[in-house]
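Structure at a glance
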Amino acid sequence: MIPVLDFTRFSGGTDRDGFVADLGRAARGPGFFLLTGHGVDPALQAGVFAQADRFFSLPLGEKEKVSILKTPHYRGWAHDGLESLDETSGQKDRKESFNIGFDMDPGDPRVLAGEPFRGVNLWPDLPGFRETMLAYYDAALDLGVRLSRAIALDLGLPEAHFESVFHEPLAALRVLHYPPGTGAAGEIGAGAHSDYGVVTLLMTDGEPGLQVKPRGGDWTDVPHVEGAYVVNIGDCLMRWTNDIYVSTPHRVLPPKRQRRSVAMFVEANPDVVVAALPGTGEPKYAPIRAADYLQSRLDATYNESVG
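Residues numbered from 1 in each chain as written. Predicted model: local features only at pLDDT ≥ 70, side-chain atom pairs only at ≥ 80, totals over all residues. Heavy atoms only, no water.

Bringing the pairing of strand E2 (residues 32-36) into the picture now. Within E2, four of the five residues are buried, which leaves it mostly tucked inside the rest of the structure. For E2 and strand E10 (residues 229-233), the ladder comprises four bridges, and the chain directions are antiparallel. Along E10, the bridge assignment pairs Phe32 with Asn232. (Buried < 20%, exposed > 50% of the residue type's maximum accessible area, 1.4 Å probe, protein only. Helix = DSSP H or I, 4+ residues; strand = E, 2+ residues; numbered from the N terminus. Pairing = 2+ DSSP bridges.)

Moving on, we get to the packing of aromatic side chains. Following the criterion strictly, the structure yields 10 aromatic pairs and no others. When the centroid spacing of 5.8 Å and the interplanar angle of 20 degrees are considered together, the rings of Phe7 and Phe10 count as stacked. Summarising the burial analysis for this pair, Phe7 and Phe10 share the class buried. For the ring pair Tyr74 and Phe117, a centre distance of 5.9 Å and an interplane angle of 25 degrees mean the geometry is stacked. Taken as a pair, Tyr74 in the loop between helix H4 (60-64) and strand E3 (76-78) and Phe117 in the loop between helix H5 (109-112) and helix H6 (129-154) lie far apart in primary sequence, 43 residues in all. In this pair, the class of Tyr74 matches that of Phe117, namely buried. What links up through ring pairs into an aromatic cluster is the set Phe55, Phe56, Phe98, Trp123 and Phe129. (Phe/Tyr/Trp six-rings, centres within 6.5 Å; stacked < 30°, edge-to-face > 60°.)

Time to look at the nonpolar core. Nonpolar side chains in soluble globular proteins tend to be buried together. Residues Leu35, Tyr136, Phe162 and Trp240 are the most contacted members of the largest nonpolar core, which totals 92 residues. Of the residues forming this core, the biggest block, 13 residues, is contributed by H6. Once residues within four sequence positions are removed from consideration, Trp240 is found in contact with Phe162, Val165, Val198, Ala268, Val272, Val273, Val274, Ala275, Ala276 and Leu277. (Core = buried A, V, L, I, M, F, W, Y, C linked by side-chain atoms within 4.5 Å. Contact = heavy atoms within 4.5 Å.)

Scanning the model with the defined rule gives 22 salt bridges in all. For Glu207, the salt bridge goes to Arg257, with nearest N and O atoms at 3.1 Å. Of this pair, Glu207 sits in the loop between strand E7 (199-204) and strand E8 (210-212) while Arg257 sits in the loop between strand E11 (250-252) and strand E12 (259-266), and the two are 50 residues apart along the sequence. Measuring nitrogen to oxygen at the nearest pair gives 2.3 Å for the salt bridge that ties Asp235 to Arg297. With a gap of 62 residues between them, Asp235 in helix H7 (residues 235-240) and Arg297 in helix H8 (residues 290-298) connect regions that are remote in the sequence. Judged by relative accessible area, Asp235 falls into the buried class, the value being 8%. (Salt bridge = Lys/Arg side-chain N within 4 Å of Asp/Glu carboxyl O.)

In an α-helix, one turn spans 3.6 residues, which is why side chains three or four residues apart end up on the same side. Taking 1.5 Å per residue, 13 residues should reach 18 Å; helix H2 (residues 16-28) reaches 18 Å between its end C-alpha atoms and fits that length. Looking only at H2, the buried set comprises Gly18, Phe19, Val20, Leu23, Gly24, Ala26 and Ala27. Summarising the contacts, the buried residues of H2 are in contact with strand E1 (4-6), helix H1 (8-11), E2, H6 and E10. (Expected span 1.5 Å × (residues − 1).)

Pairing in this open sheet of four strands is antiparallel, and the strands run E6-E11-E8-E9 from one edge to the other. The two strands at the open ends of the sheet, each matched to only one other strand, are strand E6 (190-193) and strand E9 (220-221). Of the pairings in the sheet, the one linking E8 to E9 comprises two bridges and is antiparallel in character. When the bridges of E9 are listed, Gln211 appears paired with Asp221.

Next comes the structure, spelled out in structure tokens:
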């Protein structure tokens, strides 16, 4: 149900048309696929997990110094129970995370003006943490841009159609830690939701828990393939494609052991207008700025006021 696609078929030129066709089927069907051959350095991937472990093991007081509640730009540490990804259920997610956005200079005019999503990142006092996370942010964003070329071709667009929309993006990197489940009634790691952006590139540590619910189907475990990314279509891209692509609900069950994951939410630049792409038919949605769409989704997620 969730196919495994080897990106070297596209990047290496051995089977570009076949890869594009397979990606298109996955994007229209389950909305999820596993991606191997992506070219992201395994040592960098391992370094991100190691730095995340260092951060989440810090005393509470140290993590609170970089709390997401101290900034309106959704950056920093989000404590256990802060988010409700399934905003209709009343369940609070049982996880903590650390969020990193597009890195900006404190003196940037957009930062000084307080523009939404245009703040500085918050960093813990951990040697190597900032450097590792920013290197990974760049590598994962680059993968998202490379993947967008195949997406554009599948949609009958020029290969470079999306490349200009990701140079100063809303993209967010999140490292996540789920404690072992307690067995309490109604407990959830992350509530049922669909992602907000263009595509999500997810690394997991192999601990089970992630499930998807394809249209008309039941909850199904997402398999783990060592080194591969779990890739899923986000709501923004579904809207952009006029519902040709599918953004599929998913959730994380309380794990038996601690679970760690690293999610790169590939988003467009704030001022990009998301409107039905050429060739996708009569528009089903009104055009909207990417930043306005993202804000509307985040407002429903947090149990406490951010910033």
